[in-house]
Amino acid sequence: MEIAGTYLEKIQVDLTEVVEINSAKENPKNFRPLYERYFRRIFLFILHRVSDRSLANDITSQVFLNALSNIHKYSHQGLPFSSWLFRIAINECNGHFKQKSIEYTVILDHTNFNHIAEEMDLSDEDRDHLSTALQALSFEDLELIELRFFEEMRFQEIADIKEITENNAKVRLYRALDKLRKKMNIK
């Protein structure tokens, strides 16, 4: 019964979100519930990338301004609205990094760290080298790892954000994990 309850709750949330999106398309004033639902998650995602609260606030504001301005272009395809917001956030961050010639950083918290370490089945000794190895990855590889393990996204959501197939998202992520293992000298 609990599985059925969870499934019904998800459908209800999805329907609520679709209603809110359609309402926001009709009147920009109705965008507020979407903003309130996703602001914190998008802000923290950006903050982990830029390591500056003020800058994260600015970029997050730009993300939601872009989303509001382009809500009429959004079409629901069975994925959370957040996937679309994350795509905008990634583009805004990338634009900022290119404009300012700043290197991308990753801030690991305990939960994020454990998700990756468990997936890779790391020993305690290997865990000590994880942060350094992550910083040595390419931007693209790091982004995939961040979406999967830090944001805990499903492969379909990652695929939507990256505008690739779900299978391609899986392949790219596992290749990124293989590169991470090699940087850590793990077989």
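Residues numbered from 1 in each chain as written. Predicted model: local features only at pLDDT ≥ 70, side-chain atom pairs only at ≥ 80, totals over all residues. Heavy atoms only, no water.

K.L.:
Mind showing me how you'd approach the packing of aromatic side chains here?
P.N.:
The relation between two aromatic rings is expressed through the spacing of the ring centres and the mutual angle of the planes. Throughout the structure, instances matching the rule amount to 12 aromatic pairs. Judged by centre distance (5.3 Å) and plane angle (45 degrees), the rings of Tyr-35 and Phe-39 are tilted. Residue Tyr-35 and its partner Phe-39 are both found in helix α2 (residues 32-50); the two are separated by 4 residues, about one turn of the helix. Relative accessible area serves as the criterion here: at 34%, Tyr-35 is assigned to the partly exposed category. Owing to a relative accessible area of 23%, Phe-39 belongs among the partly exposed residues under this scheme. Linked through ring pairs, Phe-31, Tyr-35, Tyr-38, Phe-39, Phe-43, Phe-64, Tyr-74, Phe-81 and Trp-84 together constitute an aromatic cluster. For the cation-ring pair, Arg-148 lies above Phe-155, with the distance from its terminal atom to the ring centre recorded as 4.0 Å. (Phe/Tyr/Trp six-rings, centres within 6.5 Å; stacked < 30°, edge-to-face > 60°. Helix = DSSP H or I, 4+ residues; strand = E, 2+ residues; numbered from the N terminus. Buried < 20%, exposed > 50% of the residue type's maximum accessible area, 1.4 Å probe, protein only. Lys NZ or Arg CZ within 6 Å of the ring centre and 35° of its normal.)

K.L.:
Whenever I open this one, helix α8 (residues 139-150) confuses me. Can you help?
P.N.:
Note on helix geometry: an α-helix contains 3.6 residues per turn, so any two residues three or four positions apart are oriented the same way. Extensive coverage of α8 is indicated by the burial of 9 of its 12 residues. Of the residues making up α8, those classed as buried are Asp-141, Leu-142, Glu-143, Leu-144, Ile-145, Glu-146, Leu-147, Phe-149 and Phe-150. Where α8 terminates, the next one or two residues include Glu-152, which has phi positive at roughly 55 degrees.

K.L.:
Would you mind going over the confidence of the model for the chain with me for this structure?
P.N.:
The predicted coordinates ought not to be read in detail in places where the model reports low pLDDT. When pLDDT is averaged along the chain, the result is 83, and 85% of the positions lie at 70 or above. The secondary-structure element of the chain with the lowest mean pLDDT is helix α1 (residues 2-26), recorded at 68, while helix α3 (residues 53-69) shows the highest, at 95. Note that pLDDT drops below 50 for residues 1-5; the model gives that stretch 0 contacts with residues more than four away or on any other chain. For residues 7-13, every residue scores under 50 in pLDDT, and the model assigns this stretch 0 contacts once sequence neighbours within four places are set aside. (pLDDT = per-residue confidence, 0-100. Contact = heavy atoms within 4.5 Å.)

K.L.:
Would you mind going over the nonpolar core with me for this structure?
P.N.:
Burial of nonpolar side chains together is a common tendency in soluble globular proteins. Ile-42, Ile-46, Phe-81, Ile-116, Ile-145 and Leu-180 are the most contacted members of the largest nonpolar core, which has 55 residues in total. The element best represented in this core is helix α4 (residues 81-100), accounting for 9 residues. Look past the residues within four positions of Ile-116 in its chain and what remains in contact with it is Leu-130, Leu-134, Ile-145, Phe-149, Phe-150 and Leu-180. (Core = buried A, V, L, I, M, F, W, Y, C linked by side-chain atoms within 4.5 Å.)

K.L.:
Even after reading the chapter, I still don't get the pattern of salt bridges, so can you show me in this structure?
P.N.:
Note on pairing: side chains with opposite charge can pair once their charged atoms come close. Under the criterion given, the structure shown has 13 salt bridges. Arg-87 is the partner of Glu-163 in a salt bridge, and the nearest nitrogen-oxygen pair spans 3.5 Å. With Glu-163 in the loop between α9 (155-162) and α10 (166-183) and Arg-87 in helix α4, the pair connects residues that are 76 residues apart, well separated along the chain. For Glu-163, a relative accessible area of 61% puts it in the exposed group. (Salt bridge = Lys/Arg side-chain N within 4 Å of Asp/Glu carboxyl O.)

K.L.:
Can you walk me through α3 in this structure?
P.N.:
Between its first and last C-alpha, α3 extends 24 Å over 17 residues, near the 24 Å set by a 1.5 Å rise per residue. Within α3, burial applies to Ala-56, Ile-59, Thr-60, Val-63, Phe-64 and Ala-67. On an axial view of α3, the arc spanned by its buried residues comes to 135 degrees, and they lie on one face. By the N-cap criterion, in which a side-chain oxygen at the helix start approaches the backbone nitrogen of a residue two or three places on, α3 is capped by Asp-52, the distance to Ser-54 being 2.9 Å. (Expected span 1.5 Å × (residues − 1). Arc of directions from axis to C-beta. Polar contact = N/O pair within 3.5 Å; in protein donor to acceptor, adjacent residues only side chain to side chain.)

K.L.:
What is the right way to read the packing of α9 against α10 from this model?
P.N.:
A pair of packed helices is captured by two measures, namely the crossing angle of their axes and the spacing between those axes. It is the contact of α9 with α10, at a shortest axis distance of 8 Å, that shows an interaxial angle of 95 degrees. Between α9 and α10, the interaxial angle falls into the category roughly perpendicular. Residues Phe-155, Gln-156, Ile-158 and Ala-159 of α9 form the contact with α10, whose participating residues are Glu-166, Ala-169, Lys-170, Leu-173 and Tyr-174. Counted by class, the contact of α9 with α10 contains 6 nonpolar, 1 polar and 2 charged residues. (Axes fitted to C-alpha atoms, helices over the stretch in contact; angles between N-to-C directions. Parallel < 35°, antiparallel > 145°, perpendicular 65-115°, else oblique. Nonpolar A, V, L, I, M, F, W, Y, C, P; charged D, E, K, R; others polar.)

K.L.:
How should unusual backbone geometry be read in this particular structure?
P.N.:
Keep in mind that most residues, glycine aside, have a negative phi and that most peptide bonds are trans. Positive phi, normally seen in glycine, also occurs at Asp-121, with a value near 55 degrees. Here Asp-121 is to be found in the loop between α5 (110-120) and α6 (124-127). Of note, Glu-163 is a non-glycine position whose phi angle comes to about 60 degrees, a positive value.

K.L.:
Could you clarify how one ought to interpret the packing of α2 against α3 in this entry?
P.N.:
It is the contact of α2 with α3, at a shortest axis distance of 9 Å, that shows an interaxial angle of 135 degrees. One way to sum up the angle between α2 and α3 is to call them oblique. The crossing of α2 and α3 is right-handed. On the side of α2, the interface is formed by Leu-34, Tyr-35, Tyr-38, Phe-39, Ile-42, Phe-43, Ile-46, Leu-47 and Val-50, while α3 contributes Arg-53, Leu-55, Ala-56, Asn-57, Ile-59, Thr-60, Val-63 and Phe-64. Residue composition of the contact of α2 with α3, grouped by class: 14 nonpolar, 2 polar and 1 charged. (Left-handed = near helix turned anticlockwise from the far one by under 90°.)

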